[in-house]
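# Residue-level structural notes
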Amino acid sequence: MRRLLLLLPLLICLTAAIPPAQAQGPRYETKIRLNLYAPAIVKLEYEYTRNITVGDVSSLGPSLYEVRHSPEYFQFSTENIDQFTWTLELQYGVRMRQVMRLTIFSGSTPPNTIELPVEAQELIINFEVTVQPEPRYPTSDEIAERLMSHLMGTLEDYHGENQRIFRALNRTIAFYGALAALNVVAIVAVAALLYKQMERGG
């Protein structure tokens, strides 16, 4: 369930960002927008060509990234949170029909591969990749630990409240005990006074 929740934004983004590939004239240009979790890897595999140009990779902030490419694949990877853009140009001597494979690694989710059929002599692919922190969901142990901590805190509060009530009752009992003792002393004093007066009158 957790993996499904993590994959859902990625799948929605991929569906909206990658236009359907189709047969083109000599030149085919497209833009691919991706929202990924860090660490992120974008790999594109294509038919062999020595004529490959990678436009300057730019980012909004001073982020670190790695770019690797060969006559058969291009790969971009980063662990930083940022937005990156670059352009990949592939040149073939003749019109080439091929199925490119775009593989995406996003955080801890399993890699996803998308096939892009295209027919052209020149391919221009503009990438826009936004990398954000991967949401973290608490484990069952963490949930149990937080629950126990909450229950222990509640029990301590309950015990503290009981102690306060007990001390208040003790103070009340002591007060009424002292008041009762004073009443007894007063009654004895009055009784003694009355007794003396009765003796004098007799």
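Refer to the structure printed above.
These notes cover the structure that comes with them. (Residues numbered from 1 in each chain as written. Predicted model: local features only at pLDDT ≥ 70, side-chain atom pairs only at ≥ 80, totals over all residues. Heavy atoms only, no water.)

### Re the pattern of salt bridges
Under the criterion given, the structure shown has seven salt bridges. For K31, the salt bridge identified is with E128, shortest N-O distance 3.5 Å. Highlighted residues: K31 in strand β1 (residues 27–37) and E128 in strand β8 (residues 112–132), separated in sequence by 97 residues. The salt bridge partner of E128 is R33, with a shortest N-O separation of 3.9 Å. Here R33 lies in strand β1 and E128 lies in strand β8, a separation of 95 residues in the sequence. Under the relative-accessibility criterion, R33 is labelled partly exposed at 42%. Connected through shared salt-bridge partners, K31, R33 and E128 make up one network. (Salt bridge = Lys/Arg side-chain N within 4 Å of Asp/Glu carboxyl O. Helix = DSSP H or I, 4+ residues; strand = E, 2+ residues; numbered from the N terminus. Buried < 20%, exposed > 50% of the residue type's maximum accessible area, 1.4 Å probe, protein only.)

### Things to note about the environment of Y73
Inspection of the secondary structure assignment puts Y73 in strand β6 (residues 73–78). The spacing of Y73 and E47 is 26 residues in sequence and 8.3 Å in space, taken between C-alpha atoms. In contact with Y73, other than residues within four places in its own chain, are K43, L44, E45, Y46 and R68. (Contact = heavy atoms within 4.5 Å.)

### Points about the pairing of β8
Along a regular strand, successive side chains alternate from one face of the sheet to the other. Sheet topology places β1 next to β8; eleven bridges connect them, and they run parallel. Looking at β8, one finds that I32 is bridged to F127. Relative to β8, strand β7 (residues 82–106) runs antiparallel, the two sharing 19 bridges. Bridging across to β8, V99 finds its partner in P117. Hairpin connection between β7 and β8: a loop of five residues separates the two successive antiparallel strands, and G107 in this loop has a positive phi of roughly 60°. (Pairing = 2+ DSSP bridges.)

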